[in-house]
Amino acid sequence: MTTTPTPTTDDAPSPPAPAPAQGRGAWSTLRPLVLRLHFYAGVLVAPFLLVAALTGLLYAASFQAEKIVYDHELTVPVGDRELPVSEQVAAARAAHPDGEITAVRPSPEPGATTRVLLSGIPGVDPGHTLAVFVDPYTAKVRGELEQYGSTGALPLRTWIDEFHRDLHLGEPGRLYSEFAASWLWVIACGGLVLWFSRRRTQRKLRGTTGRRRTLGLHGGVGAWVALGFVFLSATGLTWSAYAGAHIGDLRTALGQETPAVSAAAGEHAGHGTAGGTGGDAAHGVGLDRVLAAARAEGLDNPVEIVPPTDEGSAYVVQQIQRSWPTKQDAVAVDPATGQVTDVLRFEDFPVLAKLTRWGIDLHTGSLFGLVNQIALMLLALSLILLIFWGYRMWWQRGRGSAFGRPIPRGAWQQVPPQVLVPLLAPVAVLGYFVPLLGIPLAAFLAVDIVLGEIAHRRGRRTYDPASG
C-alpha cells in the first residue's frame, strides 16, 4: 500500500515500455495508468487520510483513556450483595426526577456501576442520553455523564468519535471521512500491485540510500498493512452517508437486514426491524421480574433493559457485548404478565448482518478489546508514516527545494481497447455504489482528456512511456 507514489525512474522500467505484442502483455500498458492513478489519488487524498489516521489513532486509545478518566463513575468497591435493579433505578430517579428513562444497564460485573439512561434532560444533546451511575451494592449515585451510541461512549470518547467521523461539522463533515474511506482501498491496492510488480532486487532495503531507501520503506511497510487498510475502508463505508445507504439498500434487497426482537406485548408478532425506545421503567411487573425472565432465557451480562414505549409495547432486554464472543441475543417481556413474548438469537442473524456487526466492531476496536485497539493504532501510525514517505519521495525526485514533476498525463490512452473497455463496466458500477470514488474519478478523467486534447492541438506530446 502506498499513499503518494514516486513518479521517477525507480518506479518505471529503464527502457521505454514495449507494446504488448512484443511479449510483455497487458500489464506493460496498465502499469503507467495504475502509477498515475496511485500518485494523484495519493497526493489529493493524503491530507484527508492523514486527518482520519490521526483521529482514528486517538479513538483507538480512547477506550482505555475512558476507563482512567471516568474511574469514579465506572467502578465501585465490590460489596457483599447487589440490590434489586428497581432500587438502583429509584435512587437514580430521586437524584434526577427530570427526563424519561430510556434504558437501564445493570452492573455487568463485580465492581462495576449500573447505568440508568435518561432522555429529555435540559442541556444534554438531543442525540445523547444522560447516564446516571449507581453503586449496585449501596444504591448511591456516583455521578452522571452524557452517553452516546450503543457502545456507551462517554464524553471523551464521544468527542473523539465525532471528530473522527465528521470533524464536528455535522452531516456535511461526514463527506471527509467517506471520501477518505472511498479512496483508501484504491490507493492501497494500487500501491500493492506496483510494489510486487517490481523486480525482487529493486524491493531490497538494505544498502540503499536517499530516494531509493524512502521508496523501500514506503513500499515495504505498505505491503504489510495494505489488507488492513482495505478492511478499514470497506467497513468504514458500511455506515457512511452515501455508500452506506447503497449498502443498506443492497442488504435489504437480499433479505440480509439486521433483525430486531418484536416489542409488541402479549403476542408473538415476529421479528421486526426496530424495538422500543423508552418509557416508564416501573411499568407493569417491573424491572426485577423482567430481568429474571431474560436471565431464564440465557441472557447473561452485559444486558440493556428498554422500558415499553406505550401500552401496547413490551420490555426489550438485549445483550450488548460487542467483544468476542459477540452477545446480541434479545427477548421481549410482556409488562402485564412477565412472560417472554419473543426471542431473537444472534446465531439466527443473516450472514451479512453478522459480518456487518463483526466488521464494525473490529473497525471500532470493540471486538477483541485491547489487542484490537493496539492493532488499530499500529495501522493508523503506519498510514501516517506512509503519507510522510510518499510526499518525501516526491520531494526527493525534485531538484533543489522543489517537488518533482508529477506523472505525465495520457497513460490511459496507451491501454488497448480490448483491455480498457472490459474495465469500464465494473468501474462504472463501483462508482455508482461508492459515489465519492466515482464522481472524483470521472472528474479526473474528464480533466485529463480535456488537457490532453489541448496539448495535442498545440502539438505537444502528452505521454512519454519512458517516464511512466
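I will try to describe carefully the structure that is included in this document.

Definitions and cut-offs
- Residues numbered from 1 in each chain as written.
- Predicted model: local features only at pLDDT ≥ 70, side-chain atom pairs only at ≥ 80, totals over all residues.
- Heavy atoms only, no water.
- Helix = DSSP H or I, 4+ residues; strand = E, 2+ residues; numbered from the N terminus.
- Buried < 20%, exposed > 50% of the residue type's maximum accessible area, 1.4 Å probe, protein only.
- Contact = heavy atoms within 4.5 Å.
- Areas by Shrake-Rupley, 256 points an atom, 1.4 Å probe, with all protein chains shown as cover.
- Pairing = 2+ DSSP bridges.
- Expected span 1.5 Å × (residues − 1).
- Axes fitted to C-alpha atoms, helices over the stretch in contact; angles between N-to-C directions.
- Parallel < 35°, antiparallel > 145°, perpendicular 65-115°, else oblique.
- Left-handed = near helix turned anticlockwise from the far one by under 90°.
- Nonpolar A, V, L, I, M, F, W, Y, C, P; charged D, E, K, R; others polar.
- Phe/Tyr/Trp six-rings, centres within 6.5 Å; stacked < 30°, edge-to-face > 60°.
- Lys NZ or Arg CZ within 6 Å of the ring centre and 35° of its normal.
- Core = buried A, V, L, I, M, F, W, Y, C linked by side-chain atoms within 4.5 Å.
- Salt bridge = Lys/Arg side-chain N within 4 Å of Asp/Glu carboxyl O.
- Bend = angle between axes of the 7 residues up to and from the residue.
- Lys, Arg positive; Asp, Glu negative; His and termini not counted.
- Patch = residues over 30% accessible without salt bridge, like charges linked within 9 Å, V, L, I, M, F, W, Y side chains within 5 Å.

## Let's talk about the overall build of the chain
Secondary structure assignment for the chain yields 12 helices and eight strands. Taking all 468 residues of the chain together, 49% fall into the buried category. Sequence separation of at least 24 residues holds for 65% of the intrachain contacts in the chain that already meet a minimum separation of 6. Carbon and sulfur atoms form 62% of the exposed surface of the chain, whose accessible area is close to 22400 Å².

## Points about the pairing of strand β7 (residues 330-333)
Going residue by residue along β7, you find Ala-330 and Ala-332 tucked away on one face and Val-331 and Val-333 tucked away on the opposite face as well. Relative to β7, strand β6 (residues 315-319) runs antiparallel, the two being bridged by four bridges. Looking at the pairing, Val-317 lines up with Val-331 of β7. Relative to strand β8 (residues 340-344), β7 runs antiparallel, the two sharing four bridges.

## So, the pairing of strand β1 (residues 100-105)
Most of β1 sits out of view: five of its six residues are buried. Judged from the five bridges that link them, β1 and strand β2 (residues 114-119) form a sheet pairing that is antiparallel. Bridge pairing links Val-104 to Val-116 in β2.

## A closer look at helix α9 (residues 351-364)
Here α9 is 14 residues long and its end C-alpha atoms lie 20 Å apart, about the 20 Å a rise of 1.5 Å per residue gives. Buried residues of α9: Ala-353, Lys-354, Thr-356, Arg-357, Gly-359, Ile-360, Asp-361, His-363 and Thr-364, and no others. Of the residues one or two after α9, Gly-365 is the one with positive phi, at around 85°.

## Quick word on the packing of helix α1 (residues 27-69) against helix α5 (residues 174-197)
The N-to-C vectors of α1 and α5 enclose an angle of 140°; their axes lie 7 Å apart at closest approach. Judged by the angle between their axes, α1 and α5 are oblique. Viewed along their axes, α1 and α5 form a crossing whose handedness is left-handed. Taken together, the residues of the contact of α1 with α5 sort by class into 19 nonpolar, six polar and one charged.

## Quick look at the packing of aromatic side chains
Taken as a whole and judged by the stated rule, the model has 12 aromatic pairs. On the basis of an interplanar angle of 80° and a centroid distance of 5.1 Å, the ring pair of Phe-39 and Tyr-40 is categorised as edge-to-face. Ring pairing ties together the aromatic residues Phe-39, Tyr-40, Tyr-391, Trp-394 and Phe-444, which thus form one cluster. Seen from the ring of Phe-63, Arg-157 lies directly overhead, with NZ or CZ sitting 4.4 Å from the centre. Stacked on the ring of Phe-346, the Lys or Arg Lys-354 has its end atom at 5.9 Å from the ring centre.

## A few points about the nonpolar core
In this structure, Val-45, Leu-49, Trp-183, Ile-187, Phe-229 and Leu-383 are the most contacted members of the largest nonpolar core, which totals 29 residues. Secondary structure elements with two or more residues in this core: α1, α5, α6 (210-237), α10 (369-397) and α12 (435-457). By residue number, the principal contributor to this core is α5, which donates eight residues. Within the second largest apolar cluster, 25 residues are counted, among which are Val-132, Tyr-315, Val-317 and Val-331.

## Regarding the environment of Gly-248
Mapped onto the elements of the fold, Gly-248 is located in helix α7 (residues 243-253). Take Gly-248: its relative accessible area is 30%, and that puts it in the partly exposed class. For the pair formed by Gly-248 and Thr-238, sequence separation is 10 residues and the distance between their alpha carbons is 7.8 Å.

## Structural notes on the pattern of salt bridges
Counted according to the given criterion, the structure contains nine salt bridges. For Glu-171, the salt bridge identified is with Arg-174, shortest N-O distance 3.3 Å. On the basis of relative accessibility, which here comes to 53%, the residue Glu-171 falls in the exposed class. On the accessibility criterion, Arg-174 (18% relative accessible area) is buried.

## Considering α5
Between the first and last C-alpha of α5 there are 35 Å, a value that for 24 residues agrees with the 34 Å anticipated at 1.5 Å per step. By the largest-angle criterion, Trp-183 marks the main kink of α5, which is about 30°.

## A short note on the packing of α6 against α9
At their nearest, the axes of α6 and α9 sit 9 Å apart, and the two run at 120° to each other. Considering how the two elements wind past one another, α6 and α9 form a crossing that is left-handed. On the side of α6, the interface is formed by Phe-231, Leu-232, Thr-235 and Gly-236, while α9 contributes Gly-359, Leu-362 and His-363.

## What about the side chain of Gln-256?
Inspection of the secondary structure assignment puts Gln-256 in the loop between α7 and α8 (287-296). Residues in contact with Gln-256, not counting those within four places in the same chain, are Arg-251, Pro-350, Val-351, Leu-352 and Ala-353.

## A short note on the side chain of Glu-162
Residue placement: Glu-162 occurs in helix α4 (residues 155-166). Notably, Glu-162 is buried but unbridged: the nearest opposite-charge side chain belongs to Arg-165, and the N-O separation is 4.3 Å. Dropping the residues within four chain positions of it, Glu-162 is found in contact with His-128, Leu-167 and His-168.

## A word on a nonpolar patch on the surface
Together, Leu-250, Leu-254, Val-351, Leu-352 and Leu-355 make up an exposed nonpolar region whose accessible area comes to about 450 Å². No other element matches the three residues that α9 contributes to the nonpolar patch. Tracing the backbone shows Val-351 in helix α9. We classify Val-351 as exposed; its relative accessible area is 56%.

What is shown is where atoms sit, not what they do.
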